[in-house]
Every structure is written in C-alpha cells, then in structure tokens.
Amino acid sequence: MRTLIISSILKGELMMSMNVMDAAVMNKPLDIEIQKVPVPTPKDDEALVKVYCIGVCGSDVHYYEHGRIGRYVVEKPIILGHELAGEVVAVGAGVSNVAIGDRVAVEPGVACGRCEYCKSGRYNLCPDVVFMATPPVDGAWAEYVAVRSDFLFKLPDEISFEQGALLEPLSVGLHAMNRAKVTPADRLLVTGLGPIGLLAIQAAKVFGVSEIYATDVVPFRQELAKEMGVTAVIDPMKEDVQARIAELTSGKGVTVIVETSGNGRAIADAVRTVKRGGRIVLVGMPAASEIPVDVNAIIDAEVDVLGLFRYANTYPGAIQALSQSSVDIEKVITHKYALRDTKEAVEMARTQKDTSIKIMIYPNK
C-alpha cells in the first residue's frame, strides 16, 4: 500500500478545506476565474508543494489571449503558471531528496529520463516532457501542486521564494550563456528587455561578463536595464545599433548577441552586428516562422547561430551563484497580486507592457 507522509499543519488544512483548494482556471481565452479544485495527491516519487509565489510568463499571457501557442492548443479549461517556489508539505513513499518543511524552487518541465536526449543531458529536448501550463497539462496558479521530487531544488535561507520562482526565467538566460560558451572576456549584446532579456543580463553577470549592451524601444525597460547593471542601452528606433555598438566598443564590436525580442528585424540585423567569428543565440520566438537572413554574411564571418529551447541542468548552478553573489534578479518584479486577482494580474501583463515586467501571484491567503 502506498504511503504518504503529510505534515500535521497540512492535515488540518485539508480537513478544513475538504481536500479542495483555490486555483485560477482559464475556462477559455480572456476568461479566468477562481475555482475550487481537488488538492493533488502526490505519487510515490512526488512531493506536494504549497505554492508561495508564482510568476506570470509571456506564454501564460499568450494562452490567455489567443488560446494557443503553435501546436499547443487550449481545448479545455486549464490552470496556467509555471514559474514557482514554495514549501514541501507532503512527500510520497519513495521520496528522499526533499522533506516536509523544505523551501524549494520547482523546475516545471518533467522529462522522461529514458530517451536519448535525457541520457545525453539535453532533457529539454525530450519528446515526452510534461511541462506545466502547456496544454493539456495544468500549471500551478493554485495553492498546491504535486511535482516529481527530482525536479525540486532546495533553497538556502539567503534565497527568497521570489528568487526561487525567478530561477525559471533566469534559467533561459543561463542556458543561453551555456549555448554560446560565454566567458568573462566576451562583450555581450542583449536585444529585447522583457523579463527574459533583463534576466539574461543578470545571467551574463553570473558568468563574469562585465561589458553588456542592450536594445529596447520602451523607456521604462531601458531605465530598469541601467539599474540592473547594463553598460549602455540603445534605442533601435532612434539610433543605428551597429554604428552605436562600434562607437561604444571602440570598434571592437560584440562577440555574443542574445536575441530575446523575437523581432524579425532584430534577428536579421544580428548577423550583421555581431563581430566576425561571434555567436548569436536566438531566444525570442518570432511571429513568422521564416525570416530573411543574410546567409552569405554568416558563412563569410564564420558566425555561429544557435537556437535555444527552454533550459537544462541550470537550477543547481543558479542557486549556488545567487547565494554567493550580489546579482539582483528581484528588480524585474514590478507588480504583486493575490491568487484571487489572477485575472487582473494577467490583464496587467497583457495591456501594460510599457510599465510592467514580471508580475508575481501569491496564493497564500
């Protein structure tokens, strides 16, 4: 018989709530409401996490607005949200790596662990990955979530729950640095200063990069990037990016470009902007699947163009780096909402992009 270890506090909560919890359920595009749903029962290899905070991601907003992202279509009510941290309140019989009371960050993509991609360490490419808030899989805009325990990572006391939740978008930046084999000697350009772009700047700092440039058209984001330690910000609507980069670097240019905007022009221009022999990491997903790019320039300058899909093997290193550095990732949090106000939070993210960056939701009443 399967054994489940549950904290006495949780027992009381569950008895009072009749084994149900609050969750923000998207019934259809533009329609989110708070509903009572069953508290998940963790399997033998899972732990039950009481969600402390969870971010609103661009993908959540896209599902909310359009009901689909590429081949992933919302066909029935779904709980969104995948950037989270919380406290372990129950563990399955086979769990030994975390215990009740542990503060944890949650890596939301659970890979199979058996395919060639998983076995080679590139589990982000696993064809059978179960990723939170990707239809038809529910996410974690809720009070509790059950997660396979090997995708839970303990947070030291010096790392807040908010930082723990931000490990997910930060991991995209860290994976970009890994893909480009970034070193402290690199000069970096980040195009696009949404949450991923801003956290990519912080990821570069974790890798020891000190010369970091950025582009964006929104003044609020430009100023925030300066506060977060970028060397200089360029407005591509007002300045020639290539000429400005040449001026700022005394003609040396940038050796790495991390493109997070998904803007077709920014993607095409990256090929002409990066230094000969440099590397480009494409992070932002463009609206069009085909974008004209100067292939001859890529060949002639021996430029490495790298794709990026989520991340792999980033959480342990990110936790260690944040616990031992002064890098501040919480600056990207601009708004905080209670779970009951999730629809308002998503509307803020959808309609106020000029003044909001990362919005955090708190299920704790």
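Throughout this document, residue positions are counted from 1 along each chain, in the order its sequence is written. Whole-chain, interface and lining totals are the exception, using all residues; otherwise, since this is a predicted model, local features are given only for residues with pLDDT of at least 70 and side-chain atom pairs are given and counted only at 80 or more. As a rule here, side-chain values cover all heavy atoms of the structure and leave hydrogens and water aside.

Going by an unreviewed UniProt entry, the chain carries the name L-iditol 2-dehydrogenase and comes from Paenibacillus algorifonticola. Turning to the chain, the UniProt annotation filed under Cofactor (unreviewed entry) states: "Zn(2+)". UniProt positions are given in the numbering used here, feature names are shortened, and annotations may be inferred rather than shown by experiment. On record in UniProt, under Sequence similarities (unreviewed entry), the comment for the chain is "Belongs to the zinc-containing alcohol dehydrogenase family."

Please explain the overall build of the chain as it appears in this structure.
Strands are runs of DSSP state E lasting at least two residues, helices are runs of H or I lasting at least four, and both sets are numbered from the N terminus onward. A tally of helices and strands in the chain yields eleven helices and 21 strands. Relative to the compact-globule value of 21 Å for 365 residues, the chain shows a C-alpha radius of gyration of 21 Å, a close match. With the principal axes as the frame, the chain shows a C-alpha extent of 65 × 40 × 35 Å. Exposure categories follow from relative accessible area, calculated using a 1.4 Å probe and restricted to protein chains: below 20% of the type maximum is buried, above 50% is exposed, and the middle band is partly exposed. Buried positions account for 53% of the 365 residues belonging to the chain. In this description, accessible areas are obtained by the Shrake-Rupley approach with a 1.4 Å probe, and a residue is regarded as covered only by the protein chains that are shown. For the chain, the computed accessible surface area is about 16,800 Å², with 52% contributed by carbon and sulfur atoms. This radius of gyration counts C-alpha atoms alone. The globule rule is 2.2 Å times how many residues there are, raised to the power 0.38.

Quick question: what am I supposed to make of the pattern of salt bridges here?
Two side chains of opposite charge can pair, provided their charged atoms sit close to one another. Salt bridge, as applied in this entry: a Lys or Arg side-chain nitrogen positioned within 4 Å of an Asp or Glu carboxyl oxygen. Scanning the entire structure with this criterion turns up 15 salt bridges. Between K358 and E83 there is a salt bridge, and its shortest N-O distance comes to 2.9 Å. Separated by 275 residues along the polypeptide, K358 in strand β21 (residues 358-362) and E83 in strand β8 (residues 83-92) bring together distant segments of the chain. Among the residues examined, E83 registers a relative accessible area of 2% and is labelled buried. Of the charged contacts, one joins D102 and K154 as a salt bridge, the two residues approaching to 4.0 Å between their closest N and O atoms. Of this pair, D102 sits in the loop between β8 and β9 (103-106) while K154 sits in strand β13 (residues 152-154), and the two are 52 residues apart along the sequence. Owing to a relative accessible area of 19%, D102 belongs among the buried residues under this scheme. With a relative accessible area of 46%, K154 lands in the partly exposed category. Through salt bridges that share partners, E65, E347 and R350 make up one connected network.

It is not clear to me how the environment of E290 should be interpreted in this structure. Could you clarify?
Relative to the helices and strands, E290 is located in the loop between β18 (274-282) and α9 (295-300). Given the relative accessible area of 70%, E290 is considered exposed.

Mind showing me how you'd approach the side chain of T273 here?
Checked against the element boundaries, T273 lands in helix α8 (residues 264-273). Among the polar contacts made by the side chain of T273, one reaches the main-chain carbonyl oxygen of D269 at a distance of 2.8 Å. Residues within four places of T273 in sequence aside, it is in contact with L189, V241, Q242, V254 and I257. Identification of polar contacts relies on pairs of N or O atoms within 3.5 Å, with a donor-acceptor requirement for protein atoms, meaning one able to donate a hydrogen and the other able to accept it, and with residues adjacent in sequence counted only if both atoms are side-chain atoms. Two residues qualify as a contact provided that any one of their heavy atoms is within 4.5 Å of a heavy atom in the partner residue.

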